[in-house]
Amino acid sequence: MDAQPLPVFTHAACFAHDTGPGHVESPARLGAVVTALRDHVSGLEWLEAPRATRGQLLRVHEPLLLHAVLEGGIDQPMQLDPDTVLSPGSAEAALRAAGAVVAAVDMVMAGAGHAAFCAVRPPGHHATAAHAMGFCLLNNIAVGAAHALERHGLARVAVVDFDIHHGNGTQAIFAAEPRVLYASAHEMPLFPGTGLPRDRGIGNLHNAALRPGSGSARFREAWRERLLPALDGFEPQLVLVSAGFDGHRADPLANIELEADDFAWLTAELVELAARHADRRLVSVLEGGYDLPALGECSVAHVRALQGGHAR
Ligand SMILES: [Zn+2]
């Protein structure tokens, strides 16, 4: 175990993104994560996420999307699409969620911590340069990756996405960016329908599509045989993780049948990847996960593994 506390960025504003009654992407999700981590994980340093700046967001987003999400001045919730809601509290939540990733990147790049976790919502990996979609308003991890490239001058940033939906937004934003490698294993067919193995971008995209019911063995095989070797070959200077836990067998939105230990196993592999190539620099960002007890359990398993506490 690391003696150094693990930074966890979050913000109260992330609870005020109000998706309405019955929506699975609820404020209670973040409550489940924060409560589980506070109750079951020691050695965490809780930090308040700053707002992302307009300049940081413009590295990956079109001004039109920023206007729609941040400057709408709405006084009641509105549907951006059938899944995605914008509420009066959403702009501040989105700014803090993206800002958390930027702050975490700054922190690990300064050598102040080897890894950091961002406990934030709304999630981000479906948001494209110009469109909010799939519960996502701004692409938090893409904003963090672009910050690492532009502010810190990195030449190789890995974005590792183990949410069980494909991160179409992240892929689209970086499909022509040689300094970013995107790796994802996801259920197919499933929303959003992208992420075929033949989607290679400029050779920087690595997609493993898993059939419903694949289970732990096939999930781990995809990472062990295909995605982790590609990441190793890339030799990333920073590892960013889209940490979605909706592959868990209890999750209502997917059918891939994973256990919390699968996320702990993969996290430990990513910690080792970061140790081999990136001076241990790793920033993980919460994406999906919609069964509240499973989300809490998986978050604990993930963060303990980030601390180096997962024995294999
Ligand atoms: Zn998901």
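Data block above holds the structure.
Residues numbered from 1 in each chain as written. Predicted model: local features only at pLDDT ≥ 70, side-chain atom pairs only at ≥ 80, totals over all residues. Heavy atoms only, no water.

### Describing helix H8 (residues 260–277)
Right, so step 1: Here H8 spans 26 Å end to end across 18 residues, near enough to the 26 Å set by a 1.5 Å rise per residue.
Right, so step 2: Where H8 is buried, its residues contact strand E6 (157–161), helix H7 (215–234), strand E9 (238–243), strand E10 (282–286) and helix H9 (292–306).
Right, so step 3: Remark: aspartate 279 follows H8 within two positions and exhibits a positive phi of approximately 55°. (Helix = DSSP H or I, 4+ residues; strand = E, 2+ residues; numbered from the N terminus. Expected span 1.5 Å × (residues − 1). Contact = heavy atoms within 4.5 Å.)

### Thoughts on the pairing of strand E2 (residues 44–48)
Right, so step 1: Where strand E1 (residues 6–10) lies against E2, five bridges are found, and the strand directions are parallel. Residue pairing across strands places valine 8 opposite tryptophan 46, the latter belonging to E2.
Right, so step 2: Once you follow E1 into helix H1 (residues 27–40) and on to E2, the crossover reads as right-handed. (Pairing = 2+ DSSP bridges. Right-handed = clockwise from strand over helix to strand, strands pointing away.)

### Side note on the environment of arginine 121
Right, so step 1: With respect to the helices, strands and loops of the structure, arginine 121 is situated in the loop between strand E5 (115–118) and helix H5 (140–150).
Right, so step 2: When the C-alpha positions of arginine 121 and alanine 93 are compared, they lie 6.9 Å apart, and in sequence the two are 28 residues distant.
Right, so step 3: For arginine 121, the contacting residues outside a window of four places in its chain are Cys14, Phe15, His17, Thr19, Glu25, Ser26, Pro27, Arg29, Leu30, Ala93 and Ala97.
Right, so step 4: A distance of 2.9 Å separates a polar atom in the side chain of arginine 121 from the backbone oxygen of histidine 17.
Right, so step 5: Among the polar contacts listed, one links the side chain of arginine 121 to the backbone oxygen of serine 26, at a separation of 3.3 Å. (Polar contact = N/O pair within 3.5 Å; in protein donor to acceptor, adjacent residues only side chain to side chain.)

### What to know about the coordination of the zinc ion
Right, so step 1: Taken together, Asp163 (OD), Asp163 (OD), His165 (ND1) and Asp246 (OD) make up the full set of protein donors to the zinc ion, lying 1.9 to 2.7 Å away.
Right, so step 2: In this structure, the zinc ion is surrounded by four donor atoms whose angles at the metal cover 53 to 155°, and the resulting shape is irregular.
Right, so step 3: Sequence positions of the residues that donate to the zinc ion give the spacing D-x1-H-x80-D. Exposure class is identical for aspartate 163 and histidine 165. Each is buried. (Donors = N, O, S within 2.8 Å, 3.2 Å for Na, K, Ca; no water. Tetrahedral: all angles 85-135°; square planar, octahedral: opposite > 155°, others 65-115°. Buried < 20%, exposed > 50% of the residue type's maximum accessible area, 1.4 Å probe, protein only.)

### What about the packing of H7 against H8?
Right, so step 1: At their nearest, the axes of H7 and H8 sit 11 Å apart, and the two run at 10° to each other. Here H8 runs roughly parallel to H7, going by the angle between their axes. Between H7 and H8, the residues in contact are Ser216, Phe219, Arg220, Trp223, Arg224, Leu228, Leu231 and Asp232 and Asp261, Asp262, Trp265, Leu266, Glu269, Leu270, Leu273, Arg276 and His277, respectively.
Right, so step 2: For the contact of H7 with H8, a count of residues per class yields eight nonpolar, two polar and seven charged. (Axes fitted to C-alpha atoms, helices over the stretch in contact; angles between N-to-C directions. Parallel < 35°, antiparallel > 145°, perpendicular 65-115°, else oblique. Nonpolar A, V, L, I, M, F, W, Y, C, P; charged D, E, K, R; others polar.)

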